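# Coordinates in review
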Amino acid sequence: MIVWINGAFGSGKTTLVEEVRKRRPEALVFDPETVGFVLREIVAPSTGDFQDLRLWRRQVASLAVGLVEEHRRPVLVPMTLVEPRYVAEIFGALKAAGIASHHYFLDASEEVLVRRIDGRSFTPDAPEQDERVRAWCKSRIDACRAARATLPDDTTFLDAESTPAELADEVLSRTPGL
């Protein structure tokens, strides 16, 4: 089974996955961003966003399927994924492989997202880079919030302003077998 935790940058995806993992230590954590970092070292996406690389989407789906098939453990995936074609492509590949998936979207106001993004440090030794990353994350807030209307019908929306413990309780209660 795959539990995909989606939402805008700053919504708390990684924090929620860490909280669920504390309660289900047998679960694997797969962050598709690492696939993007590897690919960016090989080929620079013309748009600057590794999700625009078809290879990224294929590798993410393939690796998620492989982790479930080979390890027979739940896989927790914290990743912003809001482009409708990419959502359909990745979740379609999971479904075609017969992998049960549960899709959660952490919903937060723009004010909360901006505050959380501003409070993060991405590259502590490179303040200029840190600010560029923050600006990029903020530039994606509108698209992430607008995507709520285009996500699959089986997406479960969670209030990102709840505590990580409350959110983990909700994910665990809504995900049979996790």
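A short tour of the structure in this document, coming up. If you're wondering where the values come from, they're calculated on a predicted model, not measured in any experiment. (Residues numbered from 1 in each chain as written. Predicted model: local features only at pLDDT ≥ 70, side-chain atom pairs only at ≥ 80, totals over all residues. Heavy atoms only, no water.)

## Focus: the overall build of the chain
The line we're drawing: Only DSSP runs of H or I with at least four residues qualify as helices, and only runs of E with at least two residues qualify as strands; both kinds are numbered from the N terminus onward. Note on method: radius of gyration uses C-alpha positions; expected globular size equals 2.2 Å times residues raised to 0.38. Relative accessible area decides the class of each residue, using a 1.4 Å probe on protein chains only: under 20% of the type maximum gives buried, over 50% gives exposed, and in between gives partly exposed.
Along its length, the chain carries 8 helices and 5 strands. Listed by position from the N terminus, the elements making up the chain come as β-α-β-α-α-β-α-β-α-α-α-β-α. Whereas a compact globule of 178 residues would reach a radius of gyration of roughly 16 Å, the chain reaches 16 Å, a difference of no more than 12%. Once the C-alpha set of the chain is aligned to its principal axes, its extents read approximately 45 × 35 × 35 Å. Across the 178 residues of the chain, 43% fall into the buried class.

## Examining a negative patch on the surface
For clarity, the cut-off: Only residues whose relative accessible area exceeds 30% and that form no salt bridge enter a patch; like-charged residues are grouped when within 9 Å of one another, and nonpolar side chains (Val, Leu, Ile, Met, Phe, Trp, Tyr) when within 5 Å. Where accessible areas are quoted, they stem from the Shrake-Rupley method and a 1.4 Å probe; at the residue level, only the protein chains shown are allowed to cover. Only one rule defines a salt bridge in this text: a Lys or Arg side-chain nitrogen within 4 Å of an Asp or Glu carboxyl oxygen. As used throughout, the charge tally considers Lys and Arg to be positive and Asp and Glu to be negative, leaving His and the chain termini uncounted. One atom stands in for each charge, and that atom is NZ of Lys, CZ of Arg, CG of Asp or CD of Glu.
Together, Glu110, Glu111, Asp142, Asp159, Glu161 and Glu166 give the surface a local cluster of negative charge. Relative to the helices and strands, Glu161 is located in the loop between β5 (156-159) and α8 (164-174).

## Observations regarding the pairing of strand β3 (residues 75-78)
In regular strands, side chains alternate between the two faces of the sheet. The line we're drawing: Only strands that DSSP links by at least two bridges are regarded as paired with each other.
Residues Val75 and Val77 line one face of β3 and the alternating positions Leu76 and Pro78 line the opposite face, and both faces are buried. Bridge analysis of strand β1 (residues 2-7) against β3 gives 4 bridges, and the strand direction is parallel. Pairing of Val3 across the sheet is with Leu76, part of β3. As judged from the 2 bridges shared by strand β2 (residues 28-29) and β3, these two strands associate in the parallel manner. Paired with Leu28 across the strands is Val75, a residue of β3.

## Section: the sheet that holds strand β4 (residues 101-107)
Definition in use: Any two residues whose heavy atoms approach within 4.5 Å are treated as being in contact. Geometry is summarised by axes, namely lines fitted to C-alpha atoms with helices restricted to the contacting stretch, and by angles between N-to-C directions that run from 0 to 180 degrees.
Overall, parallel pairing links the 5 strands, which are arranged β2-β3-β1-β4-β5 in an open sheet. One side of each edge strand has no neighbouring strand; the edge strands of this open sheet are β2 and β5. The sheet contacts of helix α1 (residues 13-23) involve β1, β2, β3, β4 and β5, and relative to β3 the element is tilted by about 160°.

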